Amino acid sequence: MPVPEGPAVVVGQVGRDLVLEVDRLPRGGRSTDVRRRRELLGGKGANQAVAMAQLGWPTALVGVLGDDPPGDLVLAQAVSDGLWVSGVVRRQGAQTALLVDLVEAGGTRRLLEDVPDATLLTAADVEAAARSFTRASAVVLQLQQPGAAVRAALARAPRDALTVADGAPPDAETRAALLDQVRVLRADLAEAALWVGGELDGLGDVRAAARQLCSAGPTVVCLAAGEDGDLTVWREPGGRVREELVPLLGQDPVDPTGAGDSVVAAFTVALLRGADPGTAAWQAGAAAASTVGRLGGRPALDPGEVTRLAEECRERGGAGR
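What counts and how
Residues numbered from 1 in each chain as written. Predicted model: local features only at pLDDT ≥ 70, side-chain atom pairs only at ≥ 80, totals over all residues. Heavy atoms only, no water. UniProt positions renumbered as here; feature names shortened; annotations may be inferred. Salt bridge = Lys/Arg side-chain N within 4 Å of Asp/Glu carboxyl O. Helix = DSSP H or I, 4+ residues; strand = E, 2+ residues; numbered from the N terminus. Buried < 20%, exposed > 50% of the residue type's maximum accessible area, 1.4 Å probe, protein only. Pairing = 2+ DSSP bridges. Axes fitted to C-alpha atoms, helices over the stretch in contact; angles between N-to-C directions. Parallel < 35°, antiparallel > 145°, perpendicular 65-115°, else oblique. Left-handed = near helix turned anticlockwise from the far one by under 90°. Contact = heavy atoms within 4.5 Å. 1 Å grid on protein atoms, 1.4 Å probe; cavity = no way out; pocket = protein on both sides within 12 Å on 5 of 7 lines; lining within 4 Å. Points joined across faces, edges and corners; volume = space filled by probe spheres on them. Nonpolar A, V, L, I, M, F, W, Y, C, P; charged D, E, K, R; others polar. Core = buried A, V, L, I, M, F, W, Y, C linked by side-chain atoms within 4.5 Å. Polar contact = N/O pair within 3.5 Å; in protein donor to acceptor, adjacent residues only side chain to side chain.

The name given to the protein chain in an unreviewed UniProt entry is Ribokinase, with Modestobacter marinus as the source organism. Under the Sequence similarities (unreviewed entry) heading, UniProt states for the protein chain: "Belongs to the carbohydrate kinase PfkB family."

Colleague: Residue-level account of the pattern of salt bridges, with values.
Modeller: Applying the stated rule across the entire model yields 21 salt bridges. The shortest N-O distance in the salt bridge between D81 and R298 comes to 2.6 Å. One end of the pair, D81, is in the loop between helix 2 (69–80) and strand 5 (84–91); the other, R298, is in the loop between helix 10 (277–292) and helix 11 (303–315), and 217 residues separate them in sequence. The two residues D81 and R298 agree in class, both being buried. Close ionic contact of R151 with D171 constitutes a salt bridge, the shortest N to O distance being 3.6 Å. Pair noted here: R151 is in helix 5 (residues 147–156) and D171 is in the loop between strand 9 (162–166) and helix 6 (172–181), with a separation of 20 residues, a long-range link. Where salt bridges share partners, they join E305, R308, E312 and R316 into one cluster.

Colleague: With reference to specific residues and values, describe the sheet that holds strand 2 (residues 15–22).
Modeller: In sheet architecture, strand pairing relies on hydrogen bonds along the backbone and comes in two forms, parallel and antiparallel. As summarised here, the arrangement of the four strands in space is 3-2-6-7, forming an open sheet in which the pairing is mixed. The open sheet terminates on both sides in strands that have one partner only, identified here as strand 3 (36–42) and strand 7 (109–114). Ignoring which end each strand starts from, the neighbouring axes of this sheet average 15° apart. Relative to strand 3, strand 2 runs antiparallel, the two being bridged by seven bridges. Across the sheet, the residue bridging to E21 is R36, located in strand 3.

Colleague: Summarise the UniProt feature "domain: Carbohydrate kinase PfkB" (unreviewed entry) in the protein chain; cite the residues concerned and give the values.
Modeller: Within this numbering scheme, the UniProt entry marks residues 9–299 as carrying the feature "domain: Carbohydrate kinase PfkB" (unreviewed entry). Its end C-alpha atoms 18 Å apart, residues 9–299 is made of 36% helix and 27% strand.

Colleague: For the packing of helix 5 against helix 6, give the residues involved together with the corresponding values.
Modeller: Relative to each other, helix 5 and helix 6 sit at 25°, their axes nearing to 9 Å. With respect to each other, helix 5 and helix 6 are oriented roughly parallel. For the element pair helix 5 and helix 6, the recorded crossing hand is left-handed. For the pair helix 5 and helix 6, contact is made by G147, V150, R151 and L154 and by E173, T174, A177, L178 and Q181, respectively.

Colleague: An account of the layout of surface pockets is requested, with residue identities and associated values reported.
Modeller: The computed volume of the largest pocket comes to approximately 890 Å³. What lines the largest pocket is a set of 42 residues, among which R109, P256, G258, A259 and G260 lie closest to the centre. Elements with a contribution of two residues or more to the lining of the largest pocket: strand 2, helix 1 (44–54), strand 6 (98–104), strand 7, strand 10 (184–187), helix 7 (189–196), helix 9 (259–272) and helix 10. Class assignment for the residues of the lining of the largest pocket results in 19 nonpolar, 10 polar and 13 charged.

Colleague: Can you lay out the environment of S86 for me, pointing to particular residues and giving the numbers?
Modeller: Looking at the element boundaries, S86 is found in strand 5. With relative accessibility at 71%, the residue S86 sits in the exposed group. Expressed as a C-alpha distance, the spacing of S86 and A128, which sit 42 residues apart in the sequence, is 9.7 Å.

Colleague: How would you sum up the nonpolar core? Please name residues and give values.
Modeller: Counting residues in hydrophobic clusters, the biggest one holds 50 residues, and the most contacted among them are M52, L61 and F267. Of all the elements, helix 9 adds the most residues to this core, at 10 residues. Dropping the residues within four chain positions of it, L61 is found in contact with V10, V14, G45, A46, A49, L83, W84, V85, G87 and V88.

Colleague: Which residues make up the pairing of strand 1 (residues 8–11), and what values do they have?
Modeller: On strand 1, burial covers both faces: A8 and V10 on one face and V9 and V11 on the other are all buried. As paired strands, strand 1 and strand 8 (residues 138–142) are joined by four bridges and run parallel to one another. Bridging across to strand 8, V10 finds its partner in V140.

Colleague: Talk me through helix 7; I want residue IDs and the actual numbers.
Modeller: Residues E191, A192, A193 and W195 constitute the buried set of helix 7. Against helix 6, strand 10, helix 8 (203–215) and strand 11 (220–224) lie the buried residues of helix 7. Residue D188 occupies the N-cap position of helix 7, its side-chain oxygen lying 3.2 Å from the main-chain nitrogen of A190. Remark: G197 follows helix 7 within two positions and exhibits a positive phi of approximately 75°.

Colleague: Got a sec to walk through the packing of helix 1 against helix 9? Specific residues and values, please.
Modeller: Interaxial distance between helix 1 and helix 9 falls to 8 Å at its minimum, and their mutual angle equals 40°. By the angle between their directions, the pair helix 1 and helix 9 is classed as oblique. Read as a crossing pair, helix 1 and helix 9 show a hand that is right-handed. Note on element contacts: helix 9 touches helix 1 through D261, V264, A265, T268, V269 and L272, opposite K44, N47, Q48, A51 and M52. In terms of residue class, the contact of helix 1 with helix 9 is built from six nonpolar, three polar and two charged.

This is how it looks when you write it as structure tokens:
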């Protein structure tokens, strides 16, 4: 189905990322040197929006920042990244969300999140950003936000826009609305278990969950399958169900942070450009491989390199790491 011309709108978390690389975390009462430090625009919504812009699709961001100095810096970074930021709320008296990414040698990651309630979207915030949705080609919903805000954004999506949801359903009412209206659903293993109401153990369980969700409403379902990679299941116009399993591509990760965000962004952009879901899945896998090869969740995607890696890996039979 053709999509309208216009920007994509990403609705989700915006904050400040502090990334610290160490050889190993110290024991209690001890200290250790930080080998590398990065401070930058972050949060799942911002990471997805930045990735889409890097892949060449104009993107608007809807989220909440505090009215503090870190919020000033984060907003300036979003503008320099080419994002449309008229839908970003500056909440009076709130502290901007802070995410601390602790990365040990070998790619072990621990994430500390300080996300004040005041930095979560409300339905009123979404309504205030209504103009951002007017010509949207896609609306990407990051489901760490309250259900009322997610439903408000879903209601604002143009009828012919590509609707994409990423994460676990925040509540039963929002779950029903998403299954009824969203076209693409993405989730990791833990999130997928919440969608289907049971733990997933192995690729067989992931496949069953993806097919169950695909039959419940979404046209395309993409689920992380652990070390097996990412499984995409979709329904063709005639009703035939197809699937594509993309292994984890690239080398051993430096930092796994942000892989899922790059998957969502690249998958969405590929679909907007007319790719079939199987091809989009390989584009998404290549974008994730690029992201985990560097420190922090912020993507640095080169469209040509993403396409080259996707095509090369697909042609050689999907050999992953």
